[in-house]
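Coordinate analysis (summary)
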Amino acid sequence: MKKFLIIIGIVIIIIIVAFIGAWIWVDGLKEDKANTKVKMDEILEAYPKFNKEVDNFSLLRNQLYEYKKNLFLETLRDNTDDWNTFMDNYLKAINKVEDSALILKENCKIKYGDVNVSSKCTTFKANYEAANNYYINDIVIYNDMVKEYEEYNADHGNKYSKLNRALFGTYNDYIDYDEDGEFFGKGEDVDEG
């Protein structure tokens, strides 16, 4: 009889432990589901602002390449203040892209079952990579132009206004943010047709 009570006691303890374990697991599952829903809502809320900032950056980039079509050292010397201001605004635009990407960078690290959220994260990663790589590419080209201008200005006794080198944003080198093995935007130019 004593063995029987011990066995009954052990079975009851196992059932209680199993019940408590299942309860904790279900509770954790509910909490995880709620946290995932919050993250998905944050992504859906943050994405339009990010997309708007990328569009604003793209407009400035198009403007940069439009200006660059008719750019010569002589025109630079006459418009250094305009170029310095424009490049400061260009830096502000990529910084706004970065600021609007913070929530997306944090929450798009995992894959979601929701197609809408998943596609927003995929698009975010591609656009974030492209914007940053385009910016880096443009800054490298622009700073090479500034170097030529500095030499031109030195040859003329430094009598012209100073043209500032453009600053890099968050990154100093090309990124593969979506980790697909390609650096979208690296070394690409807008068609100067």
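Reference entry: report on the structure contained in this document. (Residues numbered from 1 in each chain as written. Predicted model: local features only at pLDDT ≥ 70, side-chain atom pairs only at ≥ 80, totals over all residues. Heavy atoms only, no water.)

**Considering the nonpolar core**
Condition: We define a nonpolar core as any set of buried Ala, Val, Leu, Ile, Met, Phe, Trp, Tyr and Cys residues linked to one another through side-chain atoms lying within 4.5 Å. Classification of residues uses two cut-offs on accessible area relative to the type maximum, computed with a 1.4 Å probe and protein chains only: under 20% is buried, over 50% is exposed, and between them is partly exposed. Where helices and strands are cited, they refer to DSSP runs of H or I of at least four residues and of E of at least two residues respectively, numbered from the N terminus. What makes two residues a contact is simply this: any of their non-hydrogen atoms within 4.5 Å.
Among the nonpolar cores identified, the biggest contains 41 residues, and Phe 50, Phe 57, Trp 83 and Met 87 are the most heavily contacted of them. If you list the elements that add at least two residues to this core, you get helix H1 (2–69), helix H3 (80–107) and helix H4 (115–155). A per-element tally of this core places H4 first, with 14 residues. Those residues in contact with Trp 83 that lie beyond four places of it in its chain are Leu 64, Tyr 67, Leu 71, Leu 76, Tyr 142 and Leu 163.

**A look at unusual backbone geometry**
Within the chain, Asn 158 stands out as a residue other than glycine whose phi angle is a positive 55 degrees. Take Asn 158: it is sitting in the segment after H4. Residue Asn 158 is classed as exposed on the basis of its relative accessible area, which comes to 53%. Positive phi, close to 50 degrees, is recorded for Glu 179, a residue that is not glycine. Structurally, Glu 179 is set in the segment after H4.

**Quick word on the packing of H3 against H4**
Under the convention used in this document: Note on geometry: axes are C-alpha line fits, over the in-contact stretch for helices, and angles between N-to-C directions span 0 to 180 degrees. Each angle gets one of four labels, with under 35 degrees taken as roughly parallel, over 145 as roughly antiparallel, 65 to 115 as roughly perpendicular, and the rest as oblique. Two helices cross in a left-handed way if the nearer one is turned anticlockwise from the farther one by less than a right angle. They cross in a right-handed way if the turn is clockwise. The residue classification treats Ala, Val, Leu, Ile, Met, Phe, Trp, Tyr, Cys and Pro as nonpolar and Asp, Glu, Lys and Arg as charged. All others, Gly included, are polar.
At their nearest, the axes of H3 and H4 sit 11 Å apart, and the two run at 160 degrees to each other. On the basis of their axis angle, the class for H3 and H4 is roughly antiparallel. Pair H3 / H4 crosses with left-handed handedness. Residues Thr 80, Trp 83, Met 87, Tyr 90, Leu 91, Ile 94, Val 97, Glu 98, Ala 101, Leu 104 and Lys 105 of H3 pack against Phe 124, Tyr 128, Ala 131, Asn 132, Tyr 135, Asp 138, Ile 139, Tyr 142 and Tyr 149 of H4. Here the residues of the contact of H3 with H4 sort into 15 nonpolar, 2 polar and 3 charged.

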